[in-house]
Amino acid sequence: MDRETGRPGTGLRTDPRTPSARVSHPPRPRLPQGVPGAPPPPAARRPRRRGLRLSAAVGVGLLLAGGGIVAVDRLGQDRAATPLTPAGRALAAAEAGRPAALADLEALIGERRQRVRREPADRGSWAVLGAALAERAARSGAPGAYTEAERALQRSLVQGGTPDVRALTGLAVLAAARQDWAGAVRWGEAARDRGPGRAAAYRVLLEAYTGTGDAKGADRALERLRKVRPGPVAEVAAAWVHRERGWREDAEATVYDAAARAATPAERAAALSRAGDLAWERGEAETALARYEGALRAEPEHDGAAAGRARALAGLGRSEEALAAWARARAAAPRPGYAVESGELLLALGRSGEAADHFALARHQAAALARDGVRQEQVLGRLEADHGDPAEAVRLMADEHRRHPGPAASGALGWALHKAGRSAEALPRLRAAVKDGPNTAQPAYHLGMAHLVLGERGAARRQLTRALRLAPEFSPLHAERARRELAALGEPAWGPPPA
């Protein structure tokens, strides 16, 4: 039983590798076709005689959208008042612990910019503005947005007095968006210590601890998040923790529960996009496509769902549609990883000149983000290993692994070593990625290819077969390579050993 919800199969396990820790689940529920019922409208509730004060810095709430957090004011609003403005809806979403629509987030940023122009010493408004800007940076991936957010957050801190917990949380969000996991832990823990009963710090700490490989810290943050802000947002976060541990059944049950309970379009989009990710990693491209399209109907600007839809379309052989979907994802958020993936699809289609243009775009975008303080070792390491200079990939990933050791960095470093001709040295790292990371196709493929180069045919056959069983179309380039190598290996010899 889950300690928080009382439902089977959604709680954390103390030791996922032991039989006693396994969790059984009921049959997976069908995802709803419509948005679940929202709470009664404000007019149906007993009014609170405190007035609508969007500008009052009274307490702190939480704006969770697409995996990020914005710490904002607690509303003391008259629930019988006229409908909220877009900025008010963003604040109301924060109060309810739900994601805000991107348009409402933009309105909140505009409202706070006007406030700080009128009252430049208002550290609370600077904190809210900076946190909202950090959230927008995380969701848009736009160069320049991160620096703008940092300046606003620092303006809040330099006003003097006790640091505003919203500014501390915003700096943690900003560090996580820059993939500075150590910085995210430092700022997140400072925010937690200032406001131990507030949910915002626990959500960013959950992501930060996962980034640093601190599984126990992530467990503690998730338990606390579920206590202070139970609901779909916490369950979407829990699903990804389960996925990172290789607990696929737990991840699926939890994210389906979150999707069923979603009460706003943005909340529904976050849950459906994660459900799509899990279906894609299971090799269920049709199901994944349906989930991603559902997420995009709920929130058309959701770049993660747009990218997932592109992968699913490519996996289904709908290549031209996939390229158009990749263009949509790149327009929503200029992330260099999207340009790498669309370039690989073009390469698989034999369009090498266009692919080279996409790889050049990825390098340009990575350089722009790096100037804005966003770490780019992971995406550049992958790009250099497969389509550039493997020795440079080793350098990049060795640095990343030193800063943030864990299965993902270990596997990326191992693959770079293999591509640089150091397969024997790569093998232990690739094995660790398969053993300790999520149960997905790519780490198994990487390990199989290293075994193949080392002449270990049986081990290569096992891992390549595993990769294709997990997701037959996990990559437009590498899945086809895995099939060719398996065909060349042939079936194992079943006869008696030679005398």
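What you see is a predicted model, and the numbers here were worked out from it, not measured in a lab.

Asks: Honestly, empty space enclosed by the protein in this entry has me stumped. Any pointers?
Replies: Applying the stated criterion across every chain yields a total of four cavities of 30 Å³ or more. Approximately 60 Å³ is the volume attributed to the largest cavity. Around the largest cavity sit Arg243, Arg248, Glu252, Leu278, Glu281, Arg282, Pro438, Asn439 and Thr440, which together line it. Residue assignment for the lining of the largest cavity shows that the elements contributing at least two residues are helix H10 (248–261) and helix H11 (265–281). Across the lining of the largest cavity, the residue classes break down as two nonpolar, two polar and five charged.

Asks: Help me understand the nonpolar core in this model?
Replies: Nonpolar side chains in soluble globular proteins generally cluster together in the buried interior. With 49 residues, the main nonpolar core has Leu108, Leu129, Tyr146, Leu206 and Leu225 as its most contacted residues. The residues touching Leu206, leaving out its near neighbours within four places in the chain, are Ala218, Ala221, Leu222, Leu225, Ala237 and Val241. By size, the runner-up hydrophobic cluster in this structure holds 35 residues, among which are Val236, Ala269, Leu272 and Ala307.

Asks: Quick question: what am I supposed to make of the packing of H11 against helix H12 (residues 285–298) here?
Replies: Pairs of packed helices are described in terms of their axes, by the angle between the two and the distance that separates them. For the pair H11 and H12, the least separation of the axes is 8 Å and the interaxial angle reads 165°. It follows that H11 is roughly antiparallel to H12 by the angle criterion. Helix-helix and strand crossings are classified by hand; for H11 and H12 the assignment is left-handed. Where H11 approaches H12, its residues Pro265, Arg268, Ala269, Leu272, Ser273, Ala275, Gly276, Asp277, Ala279 and Trp280 are matched on the opposing element by Ala285, Thr287, Ala288, Arg291, Tyr292, Gly294, Ala295 and Ala298. Of the residues in the contact of H11 with H12, the class split is eleven nonpolar, four polar and three charged.

Asks: Just checking my understanding: could you explain the pattern of salt bridges for this structure?
Replies: Pairing between side chains becomes possible if they bear opposite charge and their charged atoms approach one another. Scanning the model with the defined rule gives 38 salt bridges in all. Arg226 is the salt-bridge partner of Glu235, the closest N and O atoms lying 2.8 Å from each other. By relative accessible area, Glu235 is classed as buried at 3%. For Arg226, a relative accessible area of 5% translates into the label buried. Through salt bridges that share partners, Arg375, Glu377, Asp399, Glu400, Arg402 and Arg403 make up one connected network.

Asks: Looking at this model, I keep getting lost on the packing of aromatic side chains. Mind explaining?
Replies: Aromatic ring pairs: the centre-centre distance and the angle between the two ring planes describe each pair. In this structure the tally under the stated criterion is three aromatic pairs. A ring pair is formed by Trp326 and Tyr338, whose centres lie 5.8 Å apart and whose planes are at 45°; its orientation type is tilted. With Trp326 in helix H14 (residues 319–332) and Tyr338 in helix H15 (residues 336–348), this pair connects stretches of sequence that are twelve residues apart. Taken individually, Trp326 and Tyr338 each receive the classification buried, so the pair is uniform in this respect. Residues Trp415 and Tyr445 carry aromatic rings whose centres are separated by 5.9 Å and whose planes lie at 50° to one another, so their mutual orientation is tilted. Remark: Tyr445 occurs in helix H21 (residues 441–453) and Trp415 occurs in helix H19 (residues 407–419); sequence separation between them is 30 residues. We note that Trp415, like Tyr445, is buried. Ring-pair connections join several aromatic residues into one group, and the members of that group are Trp415, Tyr445 and Phe474.

Asks: What is the right way to look at the environment of Asp372 in this model?
Replies: On the secondary structure map, Asp372 appears in the loop between helix H16 (352–371) and helix H17 (377–387). Using a relative accessible area of 5% as the deciding quantity, one classes Asp372 as buried. When the C-alpha positions of Asp372 and Gly144 are compared, they lie 5.9 Å apart, and in sequence the two are 228 residues distant. Among all residues touching Asp372, those that are not within four sequence positions of it are Ala142, Pro143, Gly144, Ala145, Tyr146, Thr147 and Arg178. Here Tyr146 takes part through its backbone nitrogen, which lies 3.1 Å from a polar atom of the side chain of Asp372.

Asks: Mind showing me how you'd approach the environment of Ala393 here?
Replies: Among the secondary structure elements, Ala393 is positioned in helix H18 (residues 390–403). Spatially, the C-alpha atom of Ala393 lies 7.2 Å from that of Leu380, the residues being 13 residues apart in sequence. Beyond its immediate sequence surroundings of up to four residues, Ala393 is in contact with Gly381, Glu384, Ala385 and Ala416.

Asks: I would appreciate a short explanation of unusual backbone geometry in the present structure.
Replies: Working note: non-glycine residues mostly have negative phi, and peptide bonds are mostly trans. Phi is positive for Gln179, close to 60°, though the residue is something other than glycine. Inspection of the secondary structure assignment puts Gln179 in the loop between helix H5 (165–177) and helix H6 (181–194).

Asks: What is the right way to look at the confidence of the model for the chain in this model?
Replies: A low pLDDT means the predicted coordinates there should not be read in detail. On average, residues of the chain carry a pLDDT of 82, and 81% of them reach 70 or more. This stretch, residues 1–82, has a pLDDT under 50; its non-local contacts, to residues over four places away or in other chains, come to 193 contacts.

Each value, and the rule that gives it
Residues numbered from 1 in each chain as written. Predicted model: local features only at pLDDT ≥ 70, side-chain atom pairs only at ≥ 80, totals over all residues. Heavy atoms only, no water. 1 Å grid on protein atoms, 1.4 Å probe; cavity = no way out; pocket = protein on both sides within 12 Å on 5 of 7 lines; lining within 4 Å. Points joined across faces, edges and corners; volume = space filled by probe spheres on them. Helix = DSSP H or I, 4+ residues; strand = E, 2+ residues; numbered from the N terminus. Nonpolar A, V, L, I, M, F, W, Y, C, P; charged D, E, K, R; others polar. Core = buried A, V, L, I, M, F, W, Y, C linked by side-chain atoms within 4.5 Å. Buried < 20%, exposed > 50% of the residue type's maximum accessible area, 1.4 Å probe, protein only. Contact = heavy atoms within 4.5 Å. Axes fitted to C-alpha atoms, helices over the stretch in contact; angles between N-to-C directions. Parallel < 35°, antiparallel > 145°, perpendicular 65-115°, else oblique. Left-handed = near helix turned anticlockwise from the far one by under 90°. Salt bridge = Lys/Arg side-chain N within 4 Å of Asp/Glu carboxyl O. Phe/Tyr/Trp six-rings, centres within 6.5 Å; stacked < 30°, edge-to-face > 60°. Polar contact = N/O pair within 3.5 Å; in protein donor to acceptor, adjacent residues only side chain to side chain. pLDDT = per-residue confidence, 0-100.

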